[in-house]
Amino acid sequence: MSDKPADILVVDDDPWIVELVVMAAEERDWQVISASDGPTAIELLAREQPRLMLLDVRLPQQDGWAILKELERRQPAHPPVIMMTANQVEEEDGQLHGAVAILRKPFSVRAFLDLLGEYLN
């Protein structure tokens, strides 16, 4: 890992998604840290202070909406959160929960980079 601060925190229990995010982010020299659950994500956000968070909706134990709600309670000045989902209903509901955007799975690397570029460039 680099000494450069993290740009992105990706929260997903699917290692393939995490690896895809890391590989795509490297194209833009963005640093990525990851968590597979909510408590780890909240801890990393406080310690690492990334500029953006990618948060999967479907996680074991605690879903992404609950994590976002807890994050808003604990850290009102948290970084922008982009929710990731494959479910159309969750996608339509996302804006009501404070997410700045929804990234629909499966996503293209180009769409991913364009969306993240809006918040990181």
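As shown above, the structure is provided for reference.
To keep things clear, this report deals only with the structure shown in the data block.

Conventions and cut-offs
- For every chain, the first residue of its written sequence is number 1, and the numbers climb from 1 along that sequence.
- With pLDDT at 70 or above as the cut-off, local features in this predicted model cover only qualifying residues; side-chain atom pairs require 80 or more to be listed or tallied, and sums for whole chains, interfaces and linings still use all residues.
- To get the side-chain values, all heavy atoms of the structure are used, and hydrogens and water are removed first.
- The helix and strand labels rest on DSSP assignments: H or I over at least four residues marks a helix, E over at least two residues marks a strand, and numbering proceeds from the N terminus.
- Note on method: radius of gyration uses C-alpha positions; expected globular size equals 2.2 Å times residues raised to 0.38.
- Using a 1.4 Å probe on the protein chains alone, a residue whose accessible area is under 20% of its type maximum counts as buried, one over 50% counts as exposed, and one in between counts as partly exposed.
- Note on contacts: a residue pair is in contact if any heavy atoms of the two residues lie within 4.5 Å.
- Method for areas: the Shrake-Rupley scheme with a 1.4 Å probe, in which residue coverage is limited to the protein chains shown.
- Residues scored as charged are limited to Lys and Arg (positive) and Asp and Glu (negative), so that His and the chain ends carry no count.
- For the purpose of locating charges, the reference atoms are NZ of Lys, CZ of Arg, CG of Asp and CD of Glu.
- For this analysis, a nonpolar core means a set of buried residues of the types Ala, Val, Leu, Ile, Met, Phe, Trp, Tyr and Cys, connected via side-chain atoms within 4.5 Å.
- Working definition: rings of Phe, Tyr and Trp (its six-membered ring) pair if their centres are within 6.5 Å, and the pair is stacked with planes under 30 degrees apart, edge-to-face with planes over 60 apart, and tilted otherwise.

A short note on the overall build of the chain
Here is step 1: A tally of regular secondary structure across the chain gives five helices and five strands.
Here is step 2: In the chain, the succession of helices and strands from N to C terminus is β-α-β-α-β-α-β-α-β-α.
Here is step 3: Computed over its C-alpha atoms, the radius of gyration of the chain comes to 13 Å, within 12% of the 14 Å expected for a compact globule of 121 residues.
Here is step 4: Based on the C-alpha atoms only, the size of the chain along its principal axes is roughly 30 × 30 × 25 Å.
Here is step 5: When each of the 121 residues of the chain is scored for burial, the buried share is 50%.
Here is step 6: In the chain, the proportion of contacts linking residues at least 24 apart, taken out of those at least 6 apart, comes to 62%.
Here is step 7: As displayed, the chain has an accessible area near 6,400 Å², and 50% of this comes from carbon and sulfur atoms.
Here is step 8: Taking the average place of the 11 positive charges on the side chains of the chain and the average place of its 22 negative ones, the gap between the two points comes to 3 Å.

Quick notes on the nonpolar core
Here is step 1: Membership of the largest hydrophobic core comes to 22 residues, with the highest contact counts inside it found for Ile8, Leu54, Ile82, Phe112 and Leu116.
Here is step 2: Those elements that provide at least two residues to this core are strand S1 (8-11), helix H1 (15-26), strand S3 (52-56), strand S4 (81-85), strand S5 (101-104) and helix H5 (109-120).
Here is step 3: When residues of this core are assigned to their parent elements, the largest contribution, six residues, is made by H1.
Here is step 4: When residues no more than four places from it in sequence are discounted, the contact partners of Leu116 are Ile8, Trp30, Leu52, Leu54 and Ile82.
Here is step 5: Counting 21 residues, the second-largest nonpolar core is a separate cluster that includes Ala6, Val11, Met53 and Leu68.

A word on the packing of aromatic side chains
Here is step 1: Using the criterion set out here, one finds one aromatic pair in the structure.
Here is step 2: Taking 5.5 Å as the distance between ring centres and 20° as the angle between the ring planes, the aromatic pair formed by Phe107 and Phe112 counts as stacked.
Here is step 3: Phe107 gets classed as buried once you look at its relative accessible area, which sits at 13%.

Remarks on unusual backbone geometry
Here is step 1: Look at the link from Lys105 to Pro106: it is a cis peptide, with omega at -10°.
Here is step 2: Positionally, Pro106 belongs in the loop between S5 and H5.
Here is step 3: The phi angle at Asp29 is positive, at roughly 65°, despite the residue not being glycine.
Here is step 4: Tracing the chain through its elements places Asp29 in the loop between H1 and strand S2 (32-35).
Here is step 5: If you check the backbone angles, Gln49 has positive phi at about 50° while not being a glycine.
Here is step 6: Within the secondary structure, Gln49 sits in the loop between helix H2 (38-48) and S3.
Here is step 7: Overall, Gln49 belongs to the exposed group, its relative accessible area being 60%.

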